[in-house]
Amino acid sequence: MNNCEYQQIEPLSLPNPTPPPRPAAVEEEEEKARRKWEVFPGKNRFYCDGRFIVAQQSGVLPLTLGLILVTTVLFFVFDCPFLVKHLTVFIPAIGGVLFVFAVISLLQTSFTDPGILPRATPDEAAYIEKQIDNSGSSTYQPPPRTKEVVINQQVVKLKYCFTCKMFRPPRTSHCSLCDNCVERFDHHCPWVGNCVGKRNYRFFYTFIVSLSFLTAFIFGCVATHLALRAQGGRGLIFALQESPASAVELVICFLSVWSILGLSGFHTYLVASNLTTNEDIKGSWSGKSEAEDTGNPYSYNNILTNCCSVLCGPMPPSLIDRRGFVPVEQSSQTVSMEMVLPMPAAKEIKVVGGPTPSQLPPSRALQVPSSPLPATPLSLTGRPQFSCLF
Amino acid sequence: MSLEEWTHSLQDMRQQAAIAAKVFIQRDYTNGTVCQFQTKFPSELETRIDKQQFEETVRTLNNLYAEAEKLGGSSYLEGCLACLTAYTIFLCMETHYEKVLKKIAKFIQEQNDKIYAPRGLLLTDPIERGLRVVEVTIFEDRSLGR
């Protein structure tokens, strides 16, 4: 058994080809270091230095927001005073709560990573290619690649994604608008300007449910308002003349309430059966033949469990690490690793492995406590050196 | 040993640990979309590490991920609380999943330090590969002498 001891290395005392020592090297690293969102291959846009992610085309998100804002503002300005006077003060309160819920969940749906899968690294892609080629000839264009897995005693076909260079996990689909594979892909929603997937489905569901309540509530209140004004034989026309904004709200709400309520109902069905819109449309589990025992292998066969797992389950993390730093690959520096690592003299460094410029270990393995790039694998042009004593 | 001697020995050695190969442990989907990795022992690692040891590592990883994604009282509570606050608590609170991910990162570091690094192997945290694979880097086995 090799008995490796880790030795101290004094960076400043080592002869280095590039003067000056570590501060400049560190600065160069910092200047060149870019965040991962800047080099993201998919068609997404990022705001606030990678904190928010949206699809390339915002779709009709401004329209959605505008409609909700305009309708609600008109409601508060023109209908609420009358209703508060004649009915109750709870009306604007309830309206306010529903409005806040709807807008917050809309913004969260739009700006949250839906569950984008990062593309395969070149090594990974090569490994998978090798495995596919091993099972067939590779002299010309191979047939579409699929892999079969058995999930809960049911055969599911996994497709190979040529863009992301990997076999898509189950329930993952590639969105052509965003050019990403999204986990538990539901659909790409233009109203929200983003894909709806594993991570933002609960926000989307909250949005459509709260919006349907809001629309129905405003519709009901406006209708009540107009009815109260038209009382005493004065007629609807008179009421509308007194409060023309109500007519606008009535039209908007009437037109949208059916579609939004319908959508909420449809998604409630999907949540209860643990399906995605994608699967429902394709009829993946509808049972094409009587002989085959096809059913949704992901369902818990219990409505409550399905609902809880989809809406109240643990929140998975974002896999694309937008704000992490891109490893600086193949930089022109010839600085050896000891120079790049800024460390105080008394600290011990653990030289664990020797990566080539394009293959970088995670920063944790290098254990550099004072590294300027805490989230990144450090880039190393020179190969580091094992220090083992037997 | 003095510092100068150590410096010279480093320069003399210049034994660079090159990467011989990389093995990717794929996901195991037999239980659905929960994050589990295959415990099948890859043939490339036969000469480097004990099969039992490796399977133990993967099994512990699987258990940790299962803990992160577990549906139970505490996760439902977190979910309901989040829903009631219009999910704004996600901005200030660390989720259960994130806490377990930190545990996993520490576990992988420990495993690397104690078991894999001495054998010239390196495990990459699956979160850095989109929870798709466990990447095992195999370094060339050169005996380093002075």
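Residues numbered from 1 in each chain as written. Chains lettered and ligands numbered in written order. Predicted model: local features only at pLDDT ≥ 70, side-chain atom pairs only at ≥ 80, totals over all residues. Heavy atoms only, no water.

1. Some words on the overall build of chain A
And then number 1: A count of helices and strands for chain A gives eleven helices and ten strands.
And then number 2: In chain A, buried positions account for 51% of the 390 residues.
And then number 3: When the accessible surface of chain A is totalled, it reaches about 18,600 Å², and 61% of it is carbon and sulfur. (Helix = DSSP H or I, 4+ residues; strand = E, 2+ residues; numbered from the N terminus. Buried < 20%, exposed > 50% of the residue type's maximum accessible area, 1.4 Å probe, protein only. Areas by Shrake-Rupley, 256 points an atom, 1.4 Å probe, with all protein chains shown as cover.)

2. What to know about the UniProt feature "domain: Golgin subfamily A member 7/ERF4" (unreviewed entry) in chain B
And then number 1: In this numbering, the UniProt entry assigns the feature "domain: Golgin subfamily A member 7/ERF4" (unreviewed entry) to residues 23–135 of chain B.
And then number 2: Segment residues 23–135 of chain B splits into 49% helix and 8% strand. End C-alpha atoms: 6 Å apart. (UniProt positions renumbered as here; feature names shortened; annotations may be inferred.)

3. Here's the deal with helix H9 (residues 303–311) of chain A
And then number 1: Those residues of H9 of chain A that fall on the buried side of the exposure criterion are Asn306, Cys308, Ser309, Val310 and Leu311 of chain A.
And then number 2: On its buried face, H9 of chain A is in contact with helix H5 (201–229) and helix H7 (244–272) of chain A together with helix H3 (73–84) of chain B.
And then number 3: In this structure Asn302 of chain A caps H9 of chain A, since a side-chain oxygen of it lies 2.9 Å from the backbone nitrogen of Leu304 of chain A. (Contact = heavy atoms within 4.5 Å. Polar contact = N/O pair within 3.5 Å; in protein donor to acceptor, adjacent residues only side chain to side chain.)

4. Digging into the packing of aromatic side chains
All names here are of chain A.
And then number 1: One pass over the structure, following the stated rule, counts ten aromatic pairs over all chains.
And then number 2: Ring centres 5.2 Å apart and planes at 70 degrees place the aromatic pair Tyr160 and Phe167 in the edge-to-face group.
And then number 3: By way of ring pairs, the aromatic residues Phe75, Phe76 and Phe217 are connected into one cluster.
And then number 4: Here the guanidinium or amino end of Lys147 rests over the ring plane of Phe167, the centre of that ring lying 4.9 Å away.
And then number 5: The ring of Tyr201 is capped by Arg184, whose NZ or CZ atom sits 5.5 Å from the centre of that ring. (Phe/Tyr/Trp six-rings, centres within 6.5 Å; stacked < 30°, edge-to-face > 60°. Lys NZ or Arg CZ within 6 Å of the ring centre and 35° of its normal.)

5. Re the side chain of Asn180 of chain A
All names here are of chain A.
And then number 1: Inspection of the secondary structure puts Asn180 in strand S8 (residues 180–182).
And then number 2: Among the polar contacts made by the side chain of Asn180, one reaches the side chain of Asn44 at a distance of 2.5 Å.
And then number 3: The contacts of Asn180, once residues within four sequence positions are left out, are Phe40, Gly42, Asn44, Ile116, Ser173, His174 and Cys175.

6. Re the sheet that holds strand S6 (residues 166–167) of chain A
And then number 1: What the three strands build is an open sheet, ordered S4-S5-S6 (chain A); its pairing is antiparallel. Edge positions in the open sheet fall to strand S4 (146–151) and S6 of chain A, since each of these has one partner strand only. (Pairing = 2+ DSSP bridges.)

7. Regarding the confidence of the model for chain A
Residue and element names in this part refer to chain A.
And then number 1: For chain A, mean pLDDT is 75; residues scoring 70 or higher make up 70% of the total.
And then number 2: Low pLDDT (under 50) marks residues 16–30, which in the prediction has 24 contacts with non-local residues, meaning those over four places away or in another chain.
And then number 3: Here residues 330–390 is a poorly scored stretch, pLDDT under 50, and it has 163 contacts once near neighbours within four places are set aside; other chains count. (pLDDT = per-residue confidence, 0-100.)

8. Description of the packing of helix H2 (residues 61–86) of chain A against helix H3 (residues 90–111) of chain A
Residues and elements named next belong to chain A.
And then number 1: Axis separation between H2 and H3 bottoms out at 10 Å; the angle between their running directions is 170 degrees. On the basis of their axis angle, the class for H2 and H3 is roughly antiparallel. Two secondary-structure elements touch here, H2 through Leu61, Thr64, Leu65, Ile68, Leu69, Thr72, Phe75, Phe76, Cys80, Leu83 and Val84 and H3 through Ile91, Pro92, Gly95, Gly96, Phe99, Val103, Leu106, Leu107 and Ser110.
And then number 2: For the contact of H2 with H3, a count of residues per class yields 15 nonpolar, five polar and no charged. (Axes fitted to C-alpha atoms, helices over the stretch in contact; angles between N-to-C directions. Parallel < 35°, antiparallel > 145°, perpendicular 65-115°, else oblique. Nonpolar A, V, L, I, M, F, W, Y, C, P; charged D, E, K, R; others polar.)

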